[in-house]
Amino acid sequence: MRFRTDLAIENRQMYEETHGKSDIEGVTITKRSYGEDILATEITIESEIGARHLEKPAGRYITIELDRLLEGRNEIKRRASQALASELEKMIPFSYELKVLVAGLGNIQVTPDALGPRTLQKVDITRHLFIAYEVEGDEEMACVSGIAPGVTGTTGLETAEIIKKTAEIAKPDVIVAVDSLAARDIKRVSTTIQINDTVIYPGGGMGNTRTELSRETVGAKVVSIGVPTVIDSKTLILEAMGDEQAEEYFRNRDMDMIVTSTDIDQIIKDFSDIIANGINIALHPGIYS
């Protein structure tokens, strides 16, 4: 049996545990520190070999790990937003005519799945100003539009279809998709942010994966930002019991449940603040400098 996770850094850990080595062909790893309690790890999958080893598409995966978020919350949130903005700027360089569509994925009625919509509520949307003043660009802020497409169970539409049609109107250079993820380790639910420039699967964190968001499906570069808010119940039991015991336990059980933290409301609040502020700093440097 395999642990379920959406995090490239956990796939790397599982590879190391299985193969007993840290060097992975086709994969490079770079670490950057933002003070003693914020660490960014960039995993770059450079080839198909690396993609097979980590079971992720080739591209960049940046994991920001926060230590002691619950202590001195406001100060570490401020610095975490700065760190996130610094990492985003590597994937979305600011320019005079930059256009960005921010998509808040997920179901705002379900707390562990509400990260995307909650984040979007706090992002500074500016496209209407560009239209009102009839300008093509600005030296201080990007042209930012936003959408919270909901989930297929309530709209009857694929999220990728809605975002593609919205992109045809907004014509963004980049689509920033914010969504909830699943992790292997419960500690990551309150400590981890992942950024990548490959693909994102809406609903993946909740175990209800839909059509991917990628340049091929929505017509623009996609940068995703995710936070693990749930753990698959099988993964939790696998961690606790070990493979042999778990195989026997699951043999005659059909389980499809997810587990989340008791303080998930506060976690969604904190991380939606961090991500929205990071996006605002990266996309509106003249305002948030």
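Cut-offs used in this document
Residues numbered from 1 in each chain as written. Predicted model: local features only at pLDDT ≥ 70, side-chain atom pairs only at ≥ 80, totals over all residues. Heavy atoms only, no water. Helix = DSSP H or I, 4+ residues; strand = E, 2+ residues; numbered from the N terminus. Buried < 20%, exposed > 50% of the residue type's maximum accessible area, 1.4 Å probe, protein only. Contact = heavy atoms within 4.5 Å. Areas by Shrake-Rupley, 256 points an atom, 1.4 Å probe, with all protein chains shown as cover. Axes fitted to C-alpha atoms, helices over the stretch in contact; angles between N-to-C directions. Parallel < 35°, antiparallel > 145°, perpendicular 65-115°, else oblique. Left-handed = near helix turned anticlockwise from the far one by under 90°. Nonpolar A, V, L, I, M, F, W, Y, C, P; charged D, E, K, R; others polar. Salt bridge = Lys/Arg side-chain N within 4 Å of Asp/Glu carboxyl O. Patch = residues over 30% accessible without salt bridge, like charges linked within 9 Å, V, L, I, M, F, W, Y side chains within 5 Å. Polar contact = N/O pair within 3.5 Å; in protein donor to acceptor, adjacent residues only side chain to side chain. Pairing = 2+ DSSP bridges.

## Overview of the overall build of the protein chain
- Across its full length, the protein chain carries 12 helices and nine strands.
- The 289 residues of the protein chain split such that 51% are buried.
- In the protein chain, the proportion of contacts linking residues at least 24 apart, taken out of those at least 6 apart, comes to 72%.
- Accessible area of the protein chain: about 13500 Å², with a carbon and sulfur share of 48%.

## Describing the environment of valine 151
- Tracing the backbone shows valine 151 in the loop between strand S5 (143-147) and helix H6 (152-155).
- In the structure, valine 151 is positioned 45 residues away from glycine 106 in sequence and 6.0 Å away in space, judged by C-alpha atoms.
- Valine 151 has contacts with Gly106, Asn107 and Asp113, leaving out every residue within four places of it along the chain.

## Focus: unusual backbone geometry
- Located in the positive-phi region is glutamate 134, a residue other than glycine, with phi close to 55 degrees.
- Topologically, glutamate 134 is positioned in the loop between helix H5 (127-133) and S5.
- A positive phi is found at lysine 171, a non-glycine position, where the angle reads about 50 degrees.
- By secondary structure assignment, the location of lysine 171 is in the loop between helix H7 (159-170) and strand S6 (174-182).

## Let's talk about the packing of helix H3 (residues 73-91) against helix H11 (residues 264-283)
- H11 packs onto H3 with a crossing angle of 45 degrees between their chain directions and a minimal axis gap of 7 Å. Taken together, the axis directions place H3 and H11 in an arrangement best described as oblique. Crossing angle aside, the handedness with which H3 passes H11 is right-handed. Residues Arg73, Lys77, Ala80, Ser81, Gln82, Leu84, Ala85, Leu88 and Glu89 of H3 form the contact with H11, whose own contacting residues are Gln266, Lys269, Asp270, Asp273, Ile274, Ile275, Asn277, Gly278, Ile279, Ile281 and Ala282.
- When its residues are assigned to classes, the contact of H3 with H11 shows nine nonpolar, five polar and six charged.

## Some details on the environment of lysine 164
- Residue position: lysine 164 is located in helix H7.
- Setting aside its immediate chain neighbours within four residues, lysine 164 contacts Thr217 and Val218.

## As for the pattern of salt bridges
- Within this structure, the stated rule accounts for 16 salt bridges.
- For lysine 122, the salt bridge identified is with aspartate 273, shortest N-O distance 2.7 Å. Residue lysine 122 is located in the loop between helix H4 (115-120) and H5, and its partner aspartate 273 is located in helix H11; the two are separated by 151 residues in the primary sequence.
- Overall, aspartate 273 belongs to the buried group, its relative accessible area being 13%.
- Note that lysine 165 and glutamate 168 form a salt bridge whose closest N and O atoms lie 3.9 Å from each other.

## Looking at a nonpolar patch on the surface
- On the surface, Leu129, Tyr133 and Val135 cluster together into a nonpolar patch covering about 300 Å² of accessible area.
- Within the secondary structure, leucine 129 sits in helix H5.

## Digging into the environment of arginine 32
- Checked against the element boundaries, arginine 32 lands in strand S1 (residues 27-33).
- For the pair formed by arginine 32 and alanine 83, sequence separation is 51 residues and the distance between their alpha carbons is 9.7 Å.
- Here arginine 32 is in contact with Ile38, Leu39, Ala40, Glu42, Ile62, Glu87 and Lys90, once residues within four sequence places are set aside.
- At a separation of 2.7 Å, a polar atom in the side chain of arginine 32 contacts the side chain of glutamate 87.

## Quick look at the pairing of strand S4 (residues 99-104)
- Across the six residues of S4, five count as buried, placing the element largely inside the fold.
- In the sheet, S4 pairs with S5 via five bridges, with the strands oriented parallel. Residue pairing in the sheet places valine 100 in a bridge with valine 144 of S5.
- In terms of strand pairing, S4 meets S6 through five bridges, oriented parallel. Following the sheet pairing, valine 102 is matched in S6 by valine 176.

## Some points on the side chain of asparagine 107
- When you line up the elements, asparagine 107 lands in the loop between S4 and H4.
- Accessibility expressed as a relative area gives 18% for asparagine 107, which makes it buried.
- Apart from residues lying up to four places away in sequence, asparagine 107 is in contact with Asp113, Ala114 and Val151.

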